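One letter stands for each residue in the lines below.
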Amino acid sequence: MPNYFPPNANAFAKWLIWGGVIFTALLATSLTVFARTSNNKVRVPIEQPVAFSHALHNGQLGLDCRYCHTSVEVAAAANIPPTETCMTCHSQIRVGSPQLAAVQASWDSGEPIVWNKVHDLADFVYFNHSAHINKGIGCSSCHGRIDQMAAIWKNKPMTMGWCLECHRNPAAFVRPKSEVFNMAYVPPAEGQLELGEQLVEAYHINEEKLPQCSTCHR
Amino acid sequence: MKKLASFSILIAMALVLSSCGMNMYDQPKANLYAAAPYVKDKVVGTARLLPEGVISRERGAVDPSFYTGLGAEGLATDLPVPVTLELVERGQQRYNIYCSPCHNFNGNGLGMIVQKGMPQPTSFHDPRLRASPVGYFFNAMTNGFGRMYSYAARIPAEDRWAIAAYIKALQLSQNASLSDVPESLRNSLEVQGASR
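Residues numbered from 1 in each chain as written. Chains lettered and ligands numbered in written order. Predicted model: local features only at pLDDT ≥ 70, side-chain atom pairs only at ≥ 80, totals over all residues. Heavy atoms only, no water.

K.L.:
Would you take a moment to explain the environment of Val44 of chain A for this structure?
P.N.:
Residues and elements named next belong to chain A. Within the element layout of this structure, Val44 appears in the loop between α1 (9-36) and α2 (54-60). Each C-alpha atom, one on Val44 and one on Asn155, is 8.6 Å from the other, the two residues being 111 residues apart in sequence. Excluding anything up to four places from it in sequence, Val44 contacts Ile152 and Trp153. (Helix = DSSP H or I, 4+ residues; strand = E, 2+ residues; numbered from the N terminus. Contact = heavy atoms within 4.5 Å.)

Listed below in structure tokens is the structure:
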């Protein structure tokens with residue numbers, strides 16, 4: 001049988017194997033990064049039917065989160081406010097503004113505004129806002145500086161790995177309940193862990209149960 | 001034999017790949033705010049409008065005046081719940097969230113939204129409002145008043161009573177003298193006042 005391959009083909013074959021391994025590793029890493037960032041729409045502003053600005057309403061005017069998201073302390077969902085909430089002020093302020101046309105149309109017709117979802121968790125995750133709010137997890141811990149966002153985006157990847165960062169070590173993130181709605185809250189530069197440990201105990205956060213599957217999945 | 005083995009591995013890999021669907025991620029269930037095409041009224045979604053006149057049964061069958069602020073002889077003059085420091089503090093917190101944008105934190109009606117063009121509401125320290133019973137404020141929150149929309153859908157009745165109690169406390173605070181303060185606490189106030 002004649003030699004079809006020259007002797008240096010062996011080296012080529014070796015490089016091919018190693019190259020394949022390196023290529024696969026790189027591909028896996030970049031796909032993971034992609035899945036957790038741009039594909040996951042992290043920090044990508046989501047277009048909405050009304051150019052509502054949290055930076056104006058919450059940041060500048062100082063409206064509390066709960067003025068619109070009334071159910072955040074008592075329910076799983078932080079409700080999207082109905083058009084009635086917008087019209088509470090906008091029946092008087094900036095009436096007829098083209099920016100508010102969709103709000104006015106919704107008010108006149110009774111058809112709700114269809115906002116675009118920013119955080120779309122998997123249906124097998126049973127996230128509950130009130131459980132977090134009432135145990136000292138601040139809005140900004142997950143949502144970031146909403147008070148500075150003219151257009152809203154998802155601030156954190158909201159992947160299971162990200163959830164577990166806190167569920168495995170709540171003391172690193174828990175803040176006093178009085179600061180939960182404070183967008184500008186900065187955890188103490190030193191001693192967050194000590195403060196966190198105290199709060200975890202005071203708020204009866206069950207550290208043993210927190211990382212378990214059934215805490216979020218049913 | 002070898003062929004069969006490699007063939008079955010290929011099938012297995014294909015099966016693994018084909019399982020990467022989003023079926024579990026987007027389950028066919030009625031999520032909050034999901035479209036609900038089977039609902040035949042104007043609001044097409046899982047978040048339905050409440051039928052007219054419906055009230056919460058969470059507290060069981062209670063006196064309707066708890067939800068209206070109207071007693072047998074008109075506006076309620078007393079709170080239907082015991083007045084505690086806890087209640088007034090709850091009222092303060094809720095007032096600061098829902099009322100202060102227009103009525104201002106001190107109740108003078110010059111809140112941030114008024115400065116942005118909302119018509120100015122009457123100050124809570126106006127003599128007419130100071131003379132109004134607590135049910136008056138509850139009723140205004142429940143049914144709206146003038147250009148103010150109803151807050152019944154946003155603030156539960158319990159909290160509306162707490163806010164009404166706080167408004168009464170706010171009125172008192174702006175027109176109080178030292179003799180209104182319990183004697184045991186007067187001393188600390190005088191010391192604070194002197195140090196300013």
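K.L.:
Would you take a moment to explain the confidence of the model for chain B for this structure?
P.N.:
A low pLDDT score tells you not to read the predicted coordinates there in detail. Here chain B shows a mean pLDDT of 85. Residues at 70 or above account for 86%. The complex model carries a pTM of 0.84, and its ipTM stands at 0.84. (pLDDT = per-residue confidence, 0-100.)

K.L.:
What am I meant to see in the domain arrangement of chain A here?
P.N.:
Domain assignment breaks chain A into domain 1 (9-36) and domain 2 (54-80 + 115-216). The distance between the C-alpha centroids of domain 1 of chain A and domain 2 of chain A comes to 39 Å. (Domains from an automatic or database assignment.)

K.L.:
Before we go on, may I ask you to explain the packing of aromatic side chains in this structure?
P.N.:
Any aromatic ring pair is given by two values, namely how distant the centres are and how the planes are angled relative to each other. Under the definition given, this model contains 11 aromatic pairs over all chains. Look at Tyr67 of chain A and Tyr151 of chain B: their rings are 6.1 Å apart centre to centre, the planes differ by 70°, and that puts the pair in the edge-to-face class. A residue pair is termed interchain when its members come from two chains, as with Tyr67 of chain A in helix α3 (residues 65-68) and Tyr151 of chain B in the loop between α7 (134-143) and α8 (157-174). Classification of Tyr67 of chain A by relative accessible area gives buried; the value is 4%. The class for Tyr151 of chain B is buried, based on a relative accessible area of 8%. Stacked on the ring of Tyr203 of chain A, the Lys or Arg Lys177 of chain A has its end atom at 4.7 Å from the ring centre. Here the basic side chain of Arg154 of chain B rests over the ring of Tyr151 of chain B, its NZ or CZ set 4.2 Å away from the ring centre. (Phe/Tyr/Trp six-rings, centres within 6.5 Å; stacked < 30°, edge-to-face > 60°. Buried < 20%, exposed > 50% of the residue type's maximum accessible area, 1.4 Å probe, protein only. Lys NZ or Arg CZ within 6 Å of the ring centre and 35° of its normal.)

K.L.:
Looking at this structure, I do not really get helix α9 (residues 192-202) of chain A. What am I missing?
P.N.:
Helical geometry note: an α-helix holds 3.6 residues per turn, so side chains three or four residues apart project in the same direction. Residues and elements named next belong to chain A. Looking only at α9, the buried set comprises Gln192, Gly196, Leu199 and Val200. End-on, the buried residues of α9 take up no more than an arc of 105°, which puts them together on one face. Structural note: α9 exposes Glu194, Gln198 and Glu201 on the side pointing more than 90 degrees away from its buried face. One or two positions beyond α9, positive phi appears at His204, with a value near 55°. (Arc of directions from axis to C-beta.)

K.L.:
Please clarify how the interface of chain A and chain B should be interpreted in this entry.
P.N.:
How big an interface is tends to be reported as the loss of accessible area on association of its parts. Counting residues at the interface gives 30 residues for chain A and 28 residues for chain B. With both sides pooled, the region where chain A packs onto chain B buries about 2600 Å², and carbon together with sulfur makes up 56% of that total. The largest share of the area that chain A buries against chain B comes from Tyr67, Gln92 and Asp123 of chain A, three residues that together contribute 23% of it. Between Arg94 of chain B and Glu73 of chain A there is a salt bridge, with its nearest N and O atoms 2.8 Å apart. The tally of links between chain A and chain B comes to 12 residue pairs in polar contact (both at pLDDT 80 or more). Considering every element that reaches the side of chain A that touches chain B, the biggest residue donor is helix α4 (residues 83-90) of chain A, with 5 residues. (Buried area = accessible area lost by both parts, 1.4 Å probe. Salt bridge = Lys/Arg side-chain N within 4 Å of Asp/Glu carboxyl O. Polar contact = N/O pair within 3.5 Å; in protein donor to acceptor, adjacent residues only side chain to side chain.)

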